[in-house]
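Survey of secondary and tertiary structure
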Amino acid sequence: MSSLSPLPIQSVAAGWRLPGIANLHSHAFQRAMAGLAERQTHPSDSFWTWRDTMYRMAARFDPDTLHAVATQLYVEMLEAGYTTVCEFHYLHHAPDGSAYATPTAMSDALAAAAREAGIRLTLLPVLYMTGGFDGRELNPRQRRFGHDVEGYLRLFHALHARQDDMLRVGCALHSLRAVPAVAMRSVLDALPAEARIHIHIAEQVGEVQDCLAVRDLRPVEWLLRNADLDPRWTLVHATHLNDGEVQGIARSGATVAICPTTEANLGDGLFRLRDHLDAGGAWGIGSDSHISVSPVEELRWLEYGQRLGTRRRNIAIGPGSPGVGATLLRGALASAAQATGFDGVDDSLVLDADAPVLAAASADDVAERWIFSGNRPLVREVHVGGRQLVAEGRHPQRGTIAARYADALRKLLRD
């Protein structure tokens, strides 16, 4: 188990200053369906039945509604303490699969939303080609997600040329079931050397079984043998791993993006956190489907899931770091630059020292108090790129952006 650097926390006049937190996995449009997939649709509801609700919602978006929803989401992220978001973006085309007049229109909507809110954005256009490991064609509900390799690379390079201090552009491979092996290699060979690469992997037991049936290897096993995994890679979920896969990920230096609230909501399973920590693996958190937009809740339920699974307490600890909150925060902070492509930034959040749950706090216990002391928002200030974007817990454009979001939601939910 590797040792972590000290938690960079300091007492300031307004409270306790910490580095901003990176959200390593986001599907912005899904914020609009939070709470709308909680009615039974099948006696054995699972991720696979949840997808039906997601597809119906995805089919209703256009660039304007995506911009409105994403801006609201990004304001919520900032107010919660996230200062960077990795947007795993696959709503590329019109609902019937035809291209917009401006092929980057949906990506442009996300970039504009991030600029308006003020959050750093790692935009990850998704390559999505097939409907399963057997190579079946995309079904009608998936067609707006799809590209061939040439079309995808045109999109990637058009977006990559726009990088600046607040925007990074990386590559997202949707999953092994959606990207044939030959296409994956062609895209990886064409990427700039610094490009970050994210992929959904081993989220569902069914995915593992299908990969074994078609490729004769488990998903992470296949990736370890057929891709040059290194610190540029982020493996999203990686829920269902065997011992060799845990060790292989850690040796590669790749980051695992764990999304505890979404993984719980979908019934995915529990990541092997303790084994990953013992192997020295890198990890971070994401809010994924945004049924919660809170690093506190992601970190808390990352730990609580382990406690429920092992019937023990205080699982996520490190060498010389018996505090679970501090250890969790250090781990999430340590992977941020590697997974997002933003290095050397000085973004920060300030926790409200006047909050009752932080009364008489010290640098030795403030992380535990923040994560494990309740649900009252404690973020008082957020600073990104030298700008203060949250004061007294509020983004200055909260009201205007929320009103536009409400209008978009009424449009999206109209029968």
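About the criteria used
Residues numbered from 1 in each chain as written. Predicted model: local features only at pLDDT ≥ 70, side-chain atom pairs only at ≥ 80, totals over all residues. Heavy atoms only, no water. Helix = DSSP H or I, 4+ residues; strand = E, 2+ residues; numbered from the N terminus. Expected span 1.5 Å × (residues − 1). Buried < 20%, exposed > 50% of the residue type's maximum accessible area, 1.4 Å probe, protein only. Axes fitted to C-alpha atoms, helices over the stretch in contact; angles between N-to-C directions. Parallel < 35°, antiparallel > 145°, perpendicular 65-115°, else oblique. Left-handed = near helix turned anticlockwise from the far one by under 90°. Contact = heavy atoms within 4.5 Å. Nonpolar A, V, L, I, M, F, W, Y, C, P; charged D, E, K, R; others polar. Right-handed = clockwise from strand over helix to strand, strands pointing away. Pairing = 2+ DSSP bridges. Arc of directions from axis to C-beta. Core = buried A, V, L, I, M, F, W, Y, C linked by side-chain atoms within 4.5 Å. Salt bridge = Lys/Arg side-chain N within 4 Å of Asp/Glu carboxyl O. Polar contact = N/O pair within 3.5 Å; in protein donor to acceptor, adjacent residues only side chain to side chain.

**Topic: helix H3 (residues 105-117)**
- The terminal C-alpha atoms of H3 lie 18 Å apart, and with 13 residues this matches the ideal 18 Å at 1.5 Å per residue to within 8%.
- Residues of H3 that are buried: Ala105, Met106, Ser107, Ala109, Leu110, Ala111, Ala113, Ala114 and Ala117.
- Directly beyond the C-terminal end of H3, a positive phi value near 100 degrees is found at Gly118.

**With respect to the packing of helix H4 (residues 149-160) against helix H5 (residues 181-190)**
- Close contact between H4 and H5 brings their axes to 11 Å; oriented N to C, the two are set at 30 degrees. Put simply, H4 runs roughly parallel to H5. As H4 packs across H5, the resulting crossing turns out to be right-handed. On the side of H4, the interface is formed by Val149, Tyr152, Leu153 and His157, while H5 contributes Ala183, Ser186, Val187 and Ala190.
- Here the contact of H4 with H5 is built from residues that sort into six nonpolar, two polar and no charged.

**A short note on the pairing of strand E10 (residues 255-258)**
- Neither face of E10 is left uncovered, since the one carrying Thr255 and Ala257 and the one carrying Val256 and Ile258 both have all their residues buried.
- Regarding the hand of the β-α-β motif, the stretch spanning strand E9 (residues 233-237), helix H8 (residues 243-252) and E10 is right-handed.
- Pairing analysis gives four bridges linking E10 to strand E11 (residues 282-285), with the strands arranged parallel. Within E11, the position partnered with Ile258 by the bridge is Ile285.

**Observations regarding helix H15 (residues 398-412)**
- With 15 residues, H15 ought to run about 21 Å at 1.5 Å a step, and its terminal C-alpha atoms sit 21 Å apart, in line with that.
- Those residues of H15 that fall on the buried side of the exposure criterion are Ile401, Tyr405, Ala408 and Leu412. Looking straight down H15, one finds that the buried residues subtend no more than 60 degrees of arc, so they occupy a single side. Those residues of H15 that are exposed and angled more than 90 degrees off the buried face are Thr400 and Arg410.

**With respect to the sheet that holds strand E1 (residues 10-12)**
- Pairing in this open sheet of five strands is antiparallel, and the strands run E1-E2-E12-E13-E14 from one edge to the other. Looking at which strands have only one partner, the edges of the open sheet turn out to be E1 and strand E14 (387-390). On average, adjacent strands in this sheet sit at an angle of 30 degrees to one another, irrespective of strand direction.
- Of the pairings in the sheet, the one linking strand E2 (residues 15-19) to strand E12 (residues 348-352) comprises five bridges and is antiparallel in character. When the sheet's bridge partners are listed, Gly15 is paired in E12 with Asp352.

**Considerations on the nonpolar core**
- If you look at the biggest cluster of nonpolar residues, it comprises 133 residues, and the most contacted ones within it are Phe61, Tyr74, Leu173, Leu223, Trp233, Leu351 and Trp370.
- If sequence neighbours within four positions are ignored, Leu223 has contacts with Leu176, Met184, Ile199, Ile201, Leu229, Trp233 and Leu235.

**Focus on the pattern of salt bridges**
- The tally for this structure, following the rule as stated, stands at 20 salt bridges.
- For the salt bridge of Arg307 with Glu303, the shortest nitrogen-to-oxygen distance reads 2.7 Å. On the criterion of helical spacing, the pair formed by Arg307 and Glu303 is a turn pair, its members being four residues apart in helix H11 (residues 295-310).
- Accessibility expressed as a relative area gives 0% for Glu303, which makes it buried.
- Overlapping salt bridges, with partners in common, bring together Asp352, Asp354, Arg380 and Glu392 in one network.

**Some details on the environment of Leu176**
- Position of Leu176 relative to the elements: it lies in the loop between strand E7 (171-173) and H5.
- On the accessibility criterion, Leu176 (1% relative accessible area) is buried.
- Spatially, the C-alpha atom of Leu176 lies 21 Å from that of Arg272, the residues being 96 residues apart in sequence.
- Dropping the residues within four chain positions of it, Leu176 is found in contact with Phe133, Met184, Ile199, His200, Ile201, Cys211, Arg215, Pro219, Trp222 and Leu223.

**A short note on the pairing of strand E13 (residues 379-384)**
- Counting buried residues in E13 gives six out of six residues, a clear majority hidden from the surface.
- Strand direction decides the pairing type here: E12 and E13, joined by four bridges, are antiparallel. The residue of E13 that forms the bridge with Ser348 is His383.
- In this sheet, E14 lies alongside E13 in antiparallel orientation, the contact comprising three bridges. Bridged to His383 within E14 is Gln388.
- Taking the residues that link successive antiparallel strands as the turn, the E13-E14 hairpin has two residues, and the phi of Gly385 there is positive, at about 55 degrees.

**What to know about the environment of Arg274**
- As for its placement among the helices and strands, Arg274 is situated in helix H10 (residues 273-278).
- There is a polar contact of 2.6 Å between the side chain of Arg274 and the backbone oxygen of Ile315.

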